[in-house]
Each structure stands twice: as structure tokens, then as C-alpha cells.
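What the coordinates show
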Amino acid sequence: MNAQDLIESLARHFNTRDEDNLAAIFTDSAVVHDGGQEYRGTSAIRRWIRSTITRYAVQFRILTVSGQDQSWLFDAEVSGTFEGSPVLLEHSLILEGGKILRLDI
């Protein structure tokens, strides 16, 4: 999967609350940094996904995408049931083997 497709899948799976397909776009050793917290590995990332979906009802609208090779940035309007919603957030990705190895929000 190319970077653009992966980013669109991330947004689509969050927006449709598809936890399994969302988790599947991360490598087994992936790391997510979100809200000052680190989530490392499949189990921790699945907990992050579930918490984000159920607690905040997050919705993504991708605005810009840039990058090359394995390093990518995208801006998204993120809305949900959290204070200050919606917000514009920059995300950075590192890819490996067509999946997300690292996501920083």
C-alpha cells in the first residue's frame, strides 16, 4: 500500500470505527505518540485505537499530504467529543513494508 492510500485508510477506518482494519495498517512493532503518551506494539496500539474511538468518537478530514520514501506528513482536521474540537493536527508517519511503523500526532 502506498503512503497516500495508507493515510486515507487511517482516516477512513477511524471514521467508520473499524478497529480491526485500522490495527492492520500498523506493523507489529509500531509506535504511536499521541497526547504525550507512547503506545508500542500491537496490543498497546489496539488499546489506543479502542480508547480513541470509544472515548472521543474521533473523525478525520485529511487536508494535506507530503513526503517521500518512508517519511510522510499530513495535516488533518480532527473532530470528536474532546474539548476544543475540531482541531487542526499535524501527523508524521514512518512507513515500513507498506504499513505504519511510527505515527506521531
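Before any of the text, the structure's been laid out above.
So, here is what we can say about the structure in this document. (Residues numbered from 1 in each chain as written. Predicted model: local features only at pLDDT ≥ 70, side-chain atom pairs only at ≥ 80, totals over all residues. Heavy atoms only, no water.)

**Here's the deal with the overall build of the protein**
Helix and strand counts for the protein stand at 3 helices and 6 strands. Helices and strands appear in the protein in the N-to-C order α-α-β-β-α-β-β-β-β. Against the 2.2 N^0.38 benchmark of 13 Å for 105 residues, the protein shows a C-alpha radius of gyration of 12 Å, consistent with a compact globule. Considering only C-alpha atoms, the protein reaches an extent of 35 × 30 × 25 Å along its principal axes. Burial analysis of the protein (105 residues in total) assigns 32% to the buried set. Across the protein, contacts joining residues at least 24 apart in sequence account for 40% of those joining residues at least 6 apart. In the form shown here, the protein has an accessible surface area of approximately 5,800 Å², with 46% of it arising from carbon and sulfur atoms. Once the 10 positive and 15 negative side-chain charges of the protein are each reduced to a mean point, those two points are 7 Å apart. (Helix = DSSP H or I, 4+ residues; strand = E, 2+ residues; numbered from the N terminus. Rg over C-alpha atoms; globule rule 2.2 N^0.38 Å. Buried < 20%, exposed > 50% of the residue type's maximum accessible area, 1.4 Å probe, protein only. Contact = heavy atoms within 4.5 Å. Areas by Shrake-Rupley, 256 points an atom, 1.4 Å probe, with all protein chains shown as cover. Lys, Arg positive; Asp, Glu negative; His and termini not counted. Charge placed at Lys NZ, Arg CZ, Asp CG, Glu CD.)

**Some points on the packing of aromatic side chains**
The tally for this structure, following the rule as stated, stands at 5 aromatic pairs. Aromatic pair Phe-14 and Trp-48: ring centres 5.6 Å apart, planes at 85°, arrangement edge-to-face. Here Trp-48 lies in helix H3 (residues 42-56) and Phe-14 lies in helix H1 (residues 3-15), a separation of 34 residues in the sequence. Of the two residues examined, Phe-14 and Trp-48, each falls in the buried class. Between Phe-26 and Trp-48, the ring centres sit 6.3 Å apart and the planes meet at 85°, which makes this aromatic pair edge-to-face. Here Phe-26, found in strand E1 (residues 26-34), pairs with Trp-48, found in helix H3; they are 22 residues apart in sequence, far enough to count as distant. Assessed through its relative accessible area of 4%, Phe-26 is described here as buried. Take Trp-48: its relative accessible area is 3%, and that puts it in the buried class. Chaining the aromatic ring pairs together yields one cluster made of Phe-14, Phe-26, Tyr-39, Trp-48 and Phe-60. (Phe/Tyr/Trp six-rings, centres within 6.5 Å; stacked < 30°, edge-to-face > 60°.)

**Focus on the sheet that holds strand E2 (residues 37-40)**
Strand order in the open sheet formed by 6 strands is E2-E1-E6-E5-E4-E3, with mixed pairing between adjacent strands. The two strands at the open ends of the sheet, each matched to only one other strand, are E2 and strand E3 (59-68). Between one strand and the next, the sheet's axes are offset by a mean angle of 20°, whatever the strand orientation. Examined bridge by bridge, E1 and E2 share 4 bridges and lie antiparallel to one another. In the strand pairing of E2, Val-31 is matched with Arg-40. (Pairing = 2+ DSSP bridges. Axes fitted to C-alpha atoms, helices over the stretch in contact; angles between N-to-C directions.)

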